[in-house]
Amino acid sequence: MAEPKTKPTDVPVGDFIAAVENPRRRADAEVMQALLTGITGVSPVMWGPSIIGYDSYRGPTGDWPRIGFSPRKAQLVLYVMGDFDSREALISRLGKVSTKGGCIYINRLDAVDEGVLRELVTASLAHMRAKYPD
């Protein structure tokens, strides 16, 4: 099995966010960082050049963050792994987003329901911690 190319780096998360060119995307990244740090209880780490990840687990394909996000040019991408029962119902209540696999694409963070976002992140994190305990 090949090791993933995306691995933790020593790049400071704050430096990465500060370098995001789009002011709205940068502000959304700051809000998302605060939200995920509060929910996970861990400090974020850069995974590869553009993913801000929280916690980690060893899955079948190597080490990965349990949850993460990336302030991409077009959208903010939330990486919500897990096949927990309430996932689709929560996503449907989240607001204007699109999904593909474990990714949730958010155009504007202020267009999603923050309470539902918190529920989604909390449920995903609990599922991942149960499925892949330390």
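Remember, it's a predicted structure, so these values are computed and weren't measured experimentally.

Asker: Would you explain the overall build of the protein in this entry?
Answerer: Looking only at helices and strands, the protein has four helices and eight strands in total. Across the protein, helices and strands are ordered from the amino to the carboxyl terminus as α-α-β-β-β-β-β-β-α-β-β-α. Here the C-alpha atoms of the protein give a radius of gyration of 14 Å, agreeing with the 14 Å that 2.2 N^0.38 yields for 134 residues. Overall, the C-alpha framework of the protein stretches about 40 × 35 × 25 Å when taken along its three principal axes. Looking at the protein as a whole, 41% of its 134 residues are labelled buried. Contacts spanning at least 24 positions in sequence make up 55% of the contacts within the protein whose residues lie at least 6 apart. Carbon and sulfur atoms make up 54% of the accessible area of the protein, which totals about 7,200 Å².

Asker: Got a minute to help me understand the packing of helix H2 (residues 23–40) against helix H4 (residues 114–131) in this structure?
Answerer: It is at 10 Å that the axes of H2 and H4 come closest, and there the two elements cross at 45 degrees. Between H2 and H4, the angle falls in the class oblique. In the crossing of H2 with H4, the sense of the turn from one axis to the other is right-handed. On H4, the residues touching Met32, Leu35, Leu36, Ile39 and Thr40 of H2 are Glu114, Leu117, Arg118, Val121, Thr122, Leu125 and Arg129. Residues that form the contact of H2 with H4 fall into these classes: seven nonpolar, two polar and three charged.

Asker: Could you clarify how one ought to interpret the sheet that holds strand E6 (residues 76–80) in this entry?
Answerer: Within the open sheet, the six strands sit side by side as E1-E2-E5-E6-E8-E7. Their pairing is antiparallel. Since the sheet does not close on itself, it has two edges, and those belong to strand E1 (45–47) and strand E7 (97–100), each with one partner. Going from strand to strand, the sheet's axes swing by 25 degrees on average, the running direction of each strand aside. Examined bridge by bridge, E1 and strand E2 (residues 51–54) share three bridges and lie antiparallel to one another. Bridged to Met46 within E2 is Ile52. Against the sheet, H2 touches E2, strand E5 (67–71), E6 and strand E8 (103–106), its axis set at about 170 degrees to E5.

Calculation rules
Residues numbered from 1 in each chain as written. Predicted model: local features only at pLDDT ≥ 70, side-chain atom pairs only at ≥ 80, totals over all residues. Heavy atoms only, no water. Helix = DSSP H or I, 4+ residues; strand = E, 2+ residues; numbered from the N terminus. Rg over C-alpha atoms; globule rule 2.2 N^0.38 Å. Buried < 20%, exposed > 50% of the residue type's maximum accessible area, 1.4 Å probe, protein only. Contact = heavy atoms within 4.5 Å. Areas by Shrake-Rupley, 256 points an atom, 1.4 Å probe, with all protein chains shown as cover. Axes fitted to C-alpha atoms, helices over the stretch in contact; angles between N-to-C directions. Parallel < 35°, antiparallel > 145°, perpendicular 65-115°, else oblique. Left-handed = near helix turned anticlockwise from the far one by under 90°. Nonpolar A, V, L, I, M, F, W, Y, C, P; charged D, E, K, R; others polar. Pairing = 2+ DSSP bridges.

It is worth stressing that arrangement in space is one thing and function is another; only the former is reported here.
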